[in-house]
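Secondary and tertiary structure notes
Given next are the chains, with one letter for each unit.
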Amino acid sequence: MKTITTTADLETFCKEAANYPYVTVDTEFLRERTYYSKLCLIQLAYMGDGKDDAVLVDPLADGLDLAPLYELFEDAGVVKVFHAARQDLEIFYVDQGIIPSPLFDTQVAAMVCGFGEQAGYETLVRKIAKDSVDKSSRFTDWSRRPLSDAQKTYALADVTHLRVIYEFLSDQLDKSGRKKWVAEEMAVLNDPATYQADPDNAWKRVKTRTNSGKFLAIVRELARFREGYAQSRNIPRNRVFKDDALVELASTKPASEKDLGRSRLLLREARRGEIAEGILTGVKAGLAVKPEDQPKPDVRREKLQVNPALADMLRVLVKAKADNEGVAQKLIATSADLDALAGGMRDVAALRGWRKEVFGTDALRLCDGEIGLAVKGEKVVTFEI
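Now for a quick tour of the structure. (Residues numbered from 1 in each chain as written. Predicted model: local features only at pLDDT ≥ 70, side-chain atom pairs only at ≥ 80, totals over all residues. Heavy atoms only, no water.)

1. Comments concerning the sheet that holds strand β2 (residues 22-30)
Taken together, the 6 strands give an open sheet; going across it, the order is β1-β4-β3-β2-β5-β6, and neighbouring strands pair in mixed fashion. The sheet terminates laterally at β1 (2-4) and β6 (103-105), the two strands that pair on one side only. Direction aside, the axes of adjacent strands within the sheet are offset by 30° on average. Here β1 runs beside strand β4 (residues 54-57); their pairing, made up of 3 bridges, is parallel. Across the sheet, the residue bridging to Thr 3 is Leu 56, located in β4. (Pairing = 2+ DSSP bridges. Helix = DSSP H or I, 4+ residues; strand = E, 2+ residues; numbered from the N terminus. Axes fitted to C-alpha atoms, helices over the stretch in contact; angles between N-to-C directions.)

Right under this line is the structure:
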């Protein structure tokens with residue numbers, strides 16, 4: 001097991017990898033005590049089964065520059081293969097503003113090939129590579145050095161088995177003509193906005209029980225402050241104050257540090273100093289927002305009167321179509337889509353866009369006051385709406 005600790009060795013490996021059609025990639029990182037992930041290890045492998053075609057890269061090694069890897073990531077002639085790539089990609093985007101391209105996520109591909117909606121790596125290793133994964137090193141501290149042989153073996157397996165999985169899934173997609181489906185489903189992963197945590201939009205992640213404009217304006221200001229503070233100091237947002245404390249503050253509207261002292265949920269260190277000042281400023285700013293500028297959440301789905309019998313039947317129909325096509329059900333319609341349809345909404349993803357196009361006939365069909373399911377071009381069940 002080779003561990004790369006110098007830029008020169010990384011450049012040598014990446015230049016060799018560029019001669020092959022794909023490279024498999026995985027990372028190990030820590031995020032429990034930071035806002036941004038701390039990259040601790042990178043695993044790479046290209047086609048082959050020799051001792052030099054799979055390596056570990058130590059990003060914590062003194063003087064190591066990842067520039068050769070980023071150059072490989074931008075090589076259009078080499079497919080970059082990940083499994084469940086979202087967090088891995090965020091690390092590279094935050095570090096260098098790069099999203100590897102072309103990109104292939106085996107979890108997405110497995111969904112298109114009928115392995116379920118979120119097939120885990122271990123499942124694919126077992127079903128496709130006909131092997132198993134040693135889980136003993138999964139929760140170790142990857143920032144500690146030296147790494148044990150067990151850690152190295154575990155980490156390297158994440159990219160060596162991935163070669164077999166990728167080649168199998170890629171072949172299946174070629175035979176079925178469904179590579180376009182994978183590309184469509186991966187649009188979010190290829191979008192830089194996916195990895196940009198904008199403080200202005202942080203409030204949308206906070207769950208509340210009221211849609212009051214004034215209340216949400218305060219939530220927005222507090223969430224904006226918390227996100228910016230956490231980012232600037234690279235600490236988890238919950239270390240500033242948690243969501244339940246944020247909601248409490250938006251309800252009680254404190255105007256002084258004395259008021260903050262009465263909070264049941266606010267951390268002690270947040271009741272004074274910079275955090276306290278940020279909270280009080282945020283509450284004041286939220287109260288000053290004009291009614292026309294207050295947040296206006298989309299409450300259409302909340303007001304839906306869902307017909308449970310229709311929703312259940314649609315689920316049965318979608319499962320029949322998914323089983324027939326050998327794909328995950330969410331490729332046809334999500335549970336939220338089906339509830340929306342059963343509640344009367346029509347502007348949902350299941351009735352528009354690529355899902356209709358790639359299935360040839362509408363998986364879900366809406367016309368002439370009916371909603372139904374088409375299987376192999378034949379309408380099998382309809383409901384009046």
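2. Focus on the nonpolar core
Core analysis: the biggest nonpolar cluster contains 81 residues, and Leu 10, Ile 42, Leu 44, Val 57, Leu 66, Leu 69 and Phe 92 have the highest contact counts within it. Sequence-distant contacts of Leu 66, defined by excluding residues within four places in its chain, comprise Leu 10, Leu 39, Ile 42 and Val 57. (Core = buried A, V, L, I, M, F, W, Y, C linked by side-chain atoms within 4.5 Å. Buried < 20%, exposed > 50% of the residue type's maximum accessible area, 1.4 Å probe, protein only. Contact = heavy atoms within 4.5 Å.)

3. Here we look at the packing of aromatic side chains
Across all of its chains, the model carries 14 aromatic pairs by this definition. Between Trp 142 and Tyr 154 the ring centres are 6.0 Å apart and the planes differ by 25°, which places this aromatic pair in the stacked class. Here Tyr 154 lies in helix α6 (residues 149-176) and Trp 142 lies in the loop between α5 (121-129) and α6, a separation of 12 residues in the sequence. Like Tyr 154, Trp 142 is buried. Pairing Phe 225 with Phe 241 gives two aromatic rings, centres 6.5 Å apart and planes at 20°, and the pair type is stacked. In this pair, Phe 225 sits in helix α8 (residues 213-233) while Phe 241 sits in the loop between α8 and α9 (243-252), placing the two residues 16 residues apart along the sequence. Per residue, the accessibility class of Phe 225 equals that of Phe 241, and both read buried. Taken together, Tyr 70, Phe 73, Phe 82 and Phe 92 form an aromatic cluster joined through their ring pairs. (Phe/Tyr/Trp six-rings, centres within 6.5 Å; stacked < 30°, edge-to-face > 60°.)

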